[in-house]
Every structure is written in C-alpha cells, then in structure tokens.
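# Survey of secondary and tertiary structure
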Amino acid sequence: MSNWERLVWNQREILIKGLLVTIEVCLIAFAFAIVGGLILCLVRMYVRPLRPLAIALIEFFRATPIFVQLMWVAYVWPELFGWPNTFFTAGWLALGLQSSGYLAETFRAGIEAVPAGHREAGYSVGMSPFQVFRRIVLPETLLTVAPSIVNQFTVIVKSSTLISVITVPDLMLQALKLVHVWFEPIEILTATAAAYILFVFLVSAAGKALADFHRRRFGLAAA
Amino acid sequence: MSDALLEAINPAMFWEYRLVLMRGLAFNAYVFFSSASVALAVGLMAALLRVNRAWPFRWIGTLHVELFRNAPDYIMIVWVHFVLPLLLGKLLGQRIEWPPFVSAVVALGFVYSGYFAETFRAGIQSIPLGHLDAGRACGMSERQILWRIVLPQVVRRMLPEATNQFVSLFKATTIVSLIAVPDLMYQVSMVIQTEMRPLPLYTSAALTYFAVIYVVAGTLRLLSERWRNKIYA
Amino acid sequence: MVEVPAIRVVELRKSFGTLDVLRGVSFDVHRGNVVSMIGASGSGKSTLLRCINRLETPSAGEVYIDGEPMGARVGANGQSSARPLVEINRMRRDLGMVFQQFNLWPHMTVLGNVIEAPIRVRGMSRKDARALGEECLAQVHLSEKSSEYPARLSGGQQQRVAIARALAMRPKAMLFDEPTSSLDPELTDEVLSVMRELAGRGMTMIVVTHEMGFARDASDRVMFLHNGQIEEEGPPEQIFGAPRSERCRQFLSKYRQ
C-alpha cells in the first residue's frame, strides 16, 4: 500500500493541478465546439452560397483523426496563419474544431427532427420566420440534442489525453512525468486511468439522466 | 503567408518519402484489422453476457461495457504497454515483455469492444420475440434460429452504428505511433525529425487520412445502406 | 347593405406538380357561421384549409378575410401586387388554426404555448398575456394544467390546449384540420364539446372533419368535397337528409351504422 501512498497520494497536488488543466481545456473546447458547431450547421442549412464551404469543413473535421488534427493545428497553423501561439490554445482549438464538426451534424439532425407542424403552428399564430426559428425550432432542437451534446463532452475529455503530446500540462502529462521521475508506472498510471474512466463515466451518466428527464418531461426522444 | 500556404499544400516532400509513408499507412490498416477482430469477438461475448438471464453474467457484461467505453484510448494504450506486463510479470514471477504492436491491438480492441457490445446488444434486443416463435413453430432448432433468423437481422440492424465505430477505430489507430508502432503518423514524425519541415508533412498526412477515411467510410455506408434497404424498404 | 363575408374563397386552385388537388373552389363563410367540410381522404379538404391561411400558396384564386385579399394587396393606384410575407403573417393572426397533430411546442408549458404568440406577435406584456392565457385555458376547461408540459397531457387535453392557443390570438375565425382524427374515440367528445361551445358563442369556424355527428348538429352548412371540387353543399338537413349527389350519398352511407 505504501507505493500508492508514495506515488499517488503524496503527488496529489501535481495530479490535481493536471486535472484542473484538463478540465479547463475541455470546457473551453466544449464552449467553442457548441458555438462553432451551431454556426457551421446554420451556415450549412440556411446560407446557400457558403454551403459547400461549411460542408467541406464539417466533413474535414469529422473525418480526420483527432491526433493528426492536433499535430496539424499545433505545428502547421502557426506557420500558416501565425496562430495559435501557445500549445494550450492549439490544444483546445483542435479539440474544439473536431467536436464542432460532429455537433454541427447533431444540430442539423435536431433541427430536421422538429416536426413541420410545430413550425406551421407558429406561422398560423402570425409569428415571423425568425421568431419561429428563435422561439420554437432552436429551443426545441437544443432540448432534443442536449444529451448528445453532453455525450460529445465525453469525447472531448477522452481525446484531451492527447494534448499531453504537445506538452500541455494536463493530467496525462503530469502522470507521464511522474512515471519518468520514479520509473514505477503501475500505481500512477492505474490511478490516472481510473480517474479518467470515473470522470467520463460521471459525465455520460449525467447525459443519460438528462435524456431520461427530457423523455419524461417533454416527451422528446433523444436525437 | 501565401508562401507558407504554398508550402503546406506542396506534396513534393510527401511524395519523396511516399514508400515509407505508404508502408506506415498499411501499418494503420494492419493495426485496424487486428484490433477490429479483437473488438468484435470480445464485444459479442460482452453483449451475450449483458442479455443473459443470470444477473452475475449481466453484471460482468455491464462492468465490461462501462469500463471500456468510458476509457480514453491513449491512456489504455499506455497502461497496456507499460503497466500490464509488469503486473503479469509479478503474477508469474518472471520478466514479461511484448512489442508495442501487441499493446496497441489489445488496448484498442478492448476499448472498442465496449462500443461494439452495446451495438450488438441493441441489435439482439430489437429482434421481435415473435420471430423466434415463428422459427420454433416451423420446427427449427435453437441453433438454426440463432444463425438463420437472429444473427442476420442483428448484423443488418447494427451496420450503420458499427460502420461509425469502425471509422472511429481506424482514426484511433493513429495514436499507436505514440508507443512507437511504425504507422503513418510515426513515419511522418520521423521524417520531420530529419527534414525539420512539419508544414507540408503534417498537412499531407492530414489530407491523406482525411481522403482515406472519407472515401472508405462513404463507400461502406453506401454499401451497407443498399444491402439494408433490401429488407427495410 | 350587403354583409361582407368573414371568409370568401374565390376559384381556389392548387396543384402539386402534375397533381391537381384543388380544382376551382369558391364559397363564403359568414360571420358566426360554422361550416363543416366532409369528403374522402385525398379530396383536398386539408389542402383547402392550409391554402386559406397560406401555409400552402394557392396556384390560383384568392382568399378574402373580411374583404381583404390574402395573397395580393391593392395599391392606391388600383394596381395589385403580391402581398409580402410580413403582411401575410399579420393577416394570419386573424385565423386561428387547429391541427390534426396538435403541434404543441414540447419545450414550453401549457400556458407557455398559449401566451407565446400574444407576447411575441401581439407585443402583449407578460402579465396581460398570462391573464389572457388563463382565460383561454378556462374556456377549454384546462385551467388546472397550465404549468404542465404537453407530454404529460392526454391527446384530448393537448388538442384543447391547441384550441386555447389559437383563441389567445383573438382570431376572427378558426380553422380546424381534422381536430379529432388522431385521437382515441373516447377522447374525441371532450374536444368536440369544446368546439360546440365555441360555435355557441358565435365563433366563425371552418371544420374539416370525419365526425358526421358534429357536422350534422353543430354546423350551419356542410360542404362535400370530391376530387378538389365542391360536389355538394347545403344545410346539414339537406346533406344528411336528402343528398342530391350520388357520390355524396355513397360517401355518407359508409358512416351510417
């Protein structure tokens, strides 16, 4: 038991510092992905001239492996666009870009799942197309896709382990550093893996609870 | 900026190293097929445990699914590569080692078995019980019912979902480079170390992966849709 | 002085591609009247209703609400031009619509559904809208459900909420598109009785329905549609007592038990 104490418990400050970085990166990436995904989706569905561009971006973000995208954003973008200028930024940006592609498709499915009658009911009481979108289609879509959005957060957390490769000091990097210092990987890596699994489990349990709640309360099936 | 852009899309360097890079891509495929086999086999077993009547089996199946579905694949690869041999070594009292390829296949195979188990289970549970009764009424054996009635429907039902998971698994094979499995990303980083030019190489790698995944995934989806549409018109 | 009809439909035509769904329909609905539309499915009843409030754009013909043309406006110089969507929206408020599928918005409470348009479209204050909403819910006997979400309600209750939602816009007339067709038989009566009460209070209504009982004793006039045209129309006693058209007789015979 002493190994656990020496290698994990006594290092808890370092590990928690890493965990906080992980959470920070994931939250920024998540927010970016929701906004970016919504924009991509709306452009794809409603802005005819930019549609091909939106589709190309969505497909590229979705079909490229996150690790490849991460390296690309971290090492190629600075030369290409002069930005991002830190690996931290590159980390959340790459995670956010990929998820924005997935969320764009999630939003689209949600919008398409709103029955035409709900829109017509809005028109029949004299609402304008913008009001119908803003007050009926969008909120209904957000409700139906909320569980999928939460689910996307678990994908971000899982992928975030890779930002350690570009030296962002997240939980994974701190754990690997400790392994390098002590040359005793068993306890540190097991504890770290357990922490990640627990974290992701809790988030996806929250997503499931949300989906159940929505089904009971609003009669909505998750999209 | 425009110079940089030109360099980024200039495939000359990628072309120069095409042989070693394509060998890397082939290695991605090799890892993919190996871990997909593991994932399908283990996933089917876990799914059968989850639909079992006895609760201890169901419980083990659920544990398996929750454990592997929620695990980041990178940490699982690292764990299998650095921790598992030590644990087994302690258990057997001897030094155990295996090549990174084995770690990659075992880790990815088990992580994705969690996803496949859920897909199998949903497929199995979607078969109406009446179909089994109909088979029994015709005098078919339980084994015949499983192979002739249940599984063909399960496979068709789970195809779209499974296609997505195969795509995810293929994308995940890119991280095996991190434990020095010589896939495309590994070869790219090796070339970058000698040439010091990440710009064209990473861009070409990204485009290559994108093209391969986009084309293969699209074809798979098209084929599976056509096949499914024959019975779910 | 000649009374201007609440709704006047003139030579309305609608085709989807090569399919002619409405082939020249004309009729008037006077204030306070209830008109029932009957006919086999595919005869164009629902399309007619949807053309009246322009959820579908008619291929030809015009609809007048209180003498105002819905599709065109006549300028000072006497020239008529297509009415912009903003104005169509404004005119739609005067026509309450009740759908077969209720189409309640699932993310809002019952009261939220009712007061949404008064607030957003009429620009009412939330307080006034609430009072109005409670009043409309009382009219459909659902005051106690105002803070529930639609998913918790039975089909009949949902349809009554949809009626309250339409009432909250203080419409000049109401259009009902098969309001009881997706309800279980035991739930249709509560909806029909709310509609009867509305008719009793003098609401102008066009009702597309398969409920022959309602058509017979709640409406002033009945129209039988066949193949996109009005095959026969008249007071209910005539249509149900002595229909002149053979097709109408055949259609009605299917409903007699």
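Provided above is the structure to which this section pertains.
In short, a report on the structure. (Residues numbered from 1 in each chain as written. Chains lettered and ligands numbered in written order. Predicted model: local features only at pLDDT ≥ 70, side-chain atom pairs only at ≥ 80, totals over all residues. Heavy atoms only, no water.)

Tallying each qualifying case throughout the model produces 24 aromatic pairs over all chains. Centre to centre, the rings of Phe213(A) and Phe218(A) are 6.4 Å apart; their planes meet at 90 degrees, and the pair counts as edge-to-face. Exposure remark for Phe213(A): the relative accessible area of 33% places this residue in the partly exposed category. Residue class for Phe218(A) comes out buried when judged on its relative accessible area of 9%. Ring geometry for Phe210(B) and Tyr214(B): centres 5.3 Å apart, planes at 25 degrees, overall stacked. One end of the pair, Phe210(B), and the other, Tyr214(B), are both in helix α11 (residues 198-229), four residues apart, so they sit about a helical turn from each other. (Phe/Tyr/Trp six-rings, centres within 6.5 Å; stacked < 30°, edge-to-face > 60°. Buried < 20%, exposed > 50% of the residue type's maximum accessible area, 1.4 Å probe, protein only. Helix = DSSP H or I, 4+ residues; strand = E, 2+ residues; numbered from the N terminus.)

The biggest cluster of nonpolar side chains holds 162 residues, and the ones touching the most others in it are Ile7(C), Phe27(C), Leu48(C), Ile52(C) and Ile206(C). Once residues lying within four places of it in the same chain are set aside, the contact partners of Ile206(C) are Ile7(C), Phe27(C), Val29(C), Val35(C), Met37(C), Leu49(C), Ile52(C), Met174(C), Leu175(C) and Phe176(C). (Core = buried A, V, L, I, M, F, W, Y, C linked by side-chain atoms within 4.5 Å. Contact = heavy atoms within 4.5 Å.)

What follows covers the pattern of salt bridges. All names here are of chain C. Summed over the entire model, instances satisfying the criterion amount to 30 salt bridges over all chains. Of the charged contacts in the structure, one is a salt bridge between Lys 172 and Asp 94, with a shortest N-O distance of 3.5 Å. Placement of Lys 172 in the loop between α5 (155-167) and β9 (173-177) and of Asp 94 in the loop between α2 (85-92) and β8 (95-98) is noted, with a sequence separation of 78 residues between them. On the accessibility criterion, Lys 172 (43% relative accessible area) is partly exposed. (Salt bridge = Lys/Arg side-chain N within 4 Å of Asp/Glu carboxyl O.)

Reports often express the size of an interface as the amount of accessible area lost when the parts come together. Taken together, the contact pairs 25 residues of chain C with 23 residues of chain A. Summing the contributions of chain C and of chain A, the shared interface buries around 2,100 Å²; its carbon and sulfur component is 60%. Counting every contact that joins chain C to chain A gives eight residue pairs in polar contact (both at pLDDT 80 or more). Broken down by class, the residue content of the side of chain C that touches chain A amounts to 14 nonpolar, four polar and seven charged. (Buried area = accessible area lost by both parts, 1.4 Å probe. Polar contact = N/O pair within 3.5 Å; in protein donor to acceptor, adjacent residues only side chain to side chain. Nonpolar A, V, L, I, M, F, W, Y, C, P; charged D, E, K, R; others polar.)

Let us look at the environment of Arg119(A). Residue and element names in this part refer to chain A. In this fold, Arg 119 is placed in helix α7 (residues 116-124). Using a relative accessible area of 27% as the deciding quantity, one classes Arg 119 as partly exposed. When the C-alpha atoms of Arg 119 and Ile 136 are compared, they prove to be 7.1 Å apart, with 17 residues separating the residues in sequence. Setting aside its immediate chain neighbours within four residues, Arg 119 contacts Ile 111, Val 114, Val 132 and Val 137.

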